[in-house]
Amino acid sequence: DKFVQSKENHLVTAAGAIAEVMRSCDNQDLMIQIFRSLSAVAIKTDSREQLNALLDALRKIIKKYPVPLDDIIPIVSSFISGSHPIFEHKPPALLNDKDTKIYHFLQNVAENNQELLKDIADFVINTLTNVPMYMYDVYLDIISFISNYPEIIDSKFLINFLINK
């Protein structure tokens, strides 16, 4: 906890790495606690390096353990609403970070929590319409994932959008 709360990039990154190593343990309660600690810092950080390290650890925990929705919603909401500090009070489409883990994280959340899929898909599609072309590769995996759910997104719209952009 002290590593994560230190706000020092190297310590927060180390905390994320430790969490990744610990996910091989079978203590679900401990991993949920670790998820809570890491997400509490991730939701407040404006450091890209810290956020990416934390999101990597969080998404790996989500893949292995059933994290309660109540613990996931705050960080997902901060991205979807555009209120996360990483966006610097600008629209999420203006985030200029080709290494961002936000969309990998959101994809893992949607894969493991279908009840959040529509909100995440709407956010991605709305953001995508304003993203500069050089950032498209950041979105490819999640767009591919979302396109598997025609009840959520009209694949024809998505294809036409990408072709005409």
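Attention in this report is confined to the structure presented alongside it. Model, not experiment: these values are computed from the prediction.

In this section: the overall build of the protein chain. The helix and strand inventory of the protein chain stands at 9 helices and 0 strands. Tracing the protein chain from N to C terminus, the helices and strands come up as α-α-α-α-α-α-α-α-α. Expressed as a percentage of its 165 residues, the buried residues of the protein chain come to 47%. Counting contacts in the protein chain only where the partners sit at least 6 residues apart, residues at least 24 apart contribute 69% of the total. When the accessible area of the protein chain is evaluated, it comes to approximately 8,600 Å², of which 52% is carbon and sulfur surface.

Counting 50 residues, the largest nonpolar core has Phe79, Ile102, Tyr103, Phe105, Leu106, Ile120 and Val124 as the members making the most contacts within it. Once residues lying within four places of it in the same chain are set aside, the contact partners of Ile120 are Val76, Ile80, Leu106, Val109, Ala110 and Ile142.

Below, the discussion takes up the packing of aromatic side chains. One pass over the full model with this rule turns up 5 aromatic pairs. When the ring of Phe79 is compared with that of Phe87, the centres are 6.4 Å apart and the planes differ by 75°; the resulting orientation is edge-to-face. The pair Phe79 / Phe87 is uniform in exposure class, with both members buried. An aromatic cluster is built from Phe79, Phe87 and Phe105, whose rings are joined through pairwise contacts.

Moving on to the side chain of Asp97. One can find Asp97 in the loop between helix H5 (69-80) and helix H6 (102-112). Arg48 provides the closest opposite charge to the buried, salt-bridge-free Asp97, at an N-O distance of 4.3 Å. In this structure the side chain of Asp97 is engaged in a polar contact, spanning 3.0 Å, whose partner is the backbone nitrogen of Asp99. Ignoring any residue separated from it by four or fewer positions in sequence, one finds Asp97 in contact with Arg48, Asn52, Met135 and Val138.

Right, let's get into unusual backbone geometry. Positive phi outside glycine occurs at Glu88, with the angle close to 50°. Following the sequence through the fold, Glu88 ends up in the loop between H5 and H6. In the Ramachandran plot, His89 falls in the positive-phi region, its phi being about 60° despite a non-glycine side chain.

With respect to the helices, strands and loops of the structure, Ala42 is situated in helix H3 (residues 28-42). Sequence separation between Ala42 and Asn52 is 10 residues, and the spatial gap between their C-alpha atoms is 8.7 Å. Apart from the residues lying within four places of it in its own chain, the contact partners of Ala42 are Leu51, Leu54, Leu58, Ile75 and His84.

Relative to the elements of secondary structure, Thr45 occurs in the loop between H3 and helix H4 (48-64). The exposure class of Thr45 is buried, given its relative accessible area of 7%. Reaching out from Thr45, the side chain makes a polar contact with the side chain of Gln50 at a distance of 2.9 Å. If we ignore the near neighbours within four places in the chain, the residues touching Thr45 are Gln50, Leu51, His84, Pro85 and Ile86.

Okay, helix H7 (residues 117-128) next. Look at H7: 16 Å from first C-alpha to last across 12 residues, which is about the 16 Å you get at 1.5 Å a residue. By the burial criterion, the buried members of H7 are Leu117, Ile120, Ala121, Phe123, Val124, Ile125, Thr127 and Leu128.

Here we take up H3. The end-to-end C-alpha separation of H3 is 20 Å, in line with the 21 Å expected for 15 residues at 1.5 Å each. Three or more residues of H3 are buried, namely Met31, Ile32, Ile34, Phe35, Leu38, Ser39, Val41 and Ala42. You can read the cap of H3 off the contacts: a side-chain oxygen lies 3.3 Å from the backbone nitrogen of Asp29, and it is on Asn27.

The rules we used
- Residues numbered from 1 in each chain as written.
- Predicted model: local features only at pLDDT ≥ 70, side-chain atom pairs only at ≥ 80, totals over all residues.
- Heavy atoms only, no water.
- Helix = DSSP H or I, 4+ residues; strand = E, 2+ residues; numbered from the N terminus.
- Buried < 20%, exposed > 50% of the residue type's maximum accessible area, 1.4 Å probe, protein only.
- Contact = heavy atoms within 4.5 Å.
- Areas by Shrake-Rupley, 256 points an atom, 1.4 Å probe, with all protein chains shown as cover.
- Core = buried A, V, L, I, M, F, W, Y, C linked by side-chain atoms within 4.5 Å.
- Phe/Tyr/Trp six-rings, centres within 6.5 Å; stacked < 30°, edge-to-face > 60°.
- Lys, Arg positive; Asp, Glu negative; His and termini not counted.
- Salt bridge = Lys/Arg side-chain N within 4 Å of Asp/Glu carboxyl O.
- Polar contact = N/O pair within 3.5 Å; in protein donor to acceptor, adjacent residues only side chain to side chain.
- Expected span 1.5 Å × (residues − 1).

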